[in-house]
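Tertiary structure, described
Chain by chain, the residues:
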Amino acid sequence: MEIVPLTGVAGAAFGQSRASVRAVRGEPDSAFRRAADAALTDMYADESYVFFEYDDADRLRAIEIASPGPVTVHGERLLGRPEDDVVRGLRVAGHEVVGTYPGL
């Protein structure tokens, strides 16, 4: 799954309606509320576990991706690798990496 910085992931953009995300991704494997007053979250268990969280207007507001599936940004695999290797790969590809973590 490719992360599109500041946009979302392939097939799902922040601000997009639940109906339009489902039109692309299909019906979720599960839909649930993380808290009694929270908006509904859709969970897809395909190559990764992906959670799409929606606001009260049913617009995509957050995306959470969990292992074990392949997750990339700018083609660089993120999960299951040392952080320094990911940062080095992104920088070699010409992407700026900023942060406050030692070693960045």
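Residues numbered from 1 in each chain as written. Predicted model: local features only at pLDDT ≥ 70, side-chain atom pairs only at ≥ 80, totals over all residues. Heavy atoms only, no water.

What to know about the pattern of salt bridges
Overall, the coordinates contain 10 salt bridges when judged by the stated rule. Of the charged contacts in the structure, one is a salt bridge between arginine 81 and glutamate 76, with a shortest N-O distance of 2.8 Å. Judged by its relative accessible area of 23%, arginine 81 falls in the partly exposed class. Salt bridges here are not isolated pairs; linked through shared partners, they connect Arg18, Arg22, Glu27, Asp42 and Asp58. (Salt bridge = Lys/Arg side-chain N within 4 Å of Asp/Glu carboxyl O. Buried < 20%, exposed > 50% of the residue type's maximum accessible area, 1.4 Å probe, protein only.)

A short note on the environment of phenylalanine 32
Positionally, phenylalanine 32 belongs in strand β4 (residues 30–33). Once you skip the residues sitting within four places of it in the chain, phenylalanine 32 turns out to touch Ala39, Leu40, Thr41, Met43 and Phe51. (Helix = DSSP H or I, 4+ residues; strand = E, 2+ residues; numbered from the N terminus. Contact = heavy atoms within 4.5 Å.)

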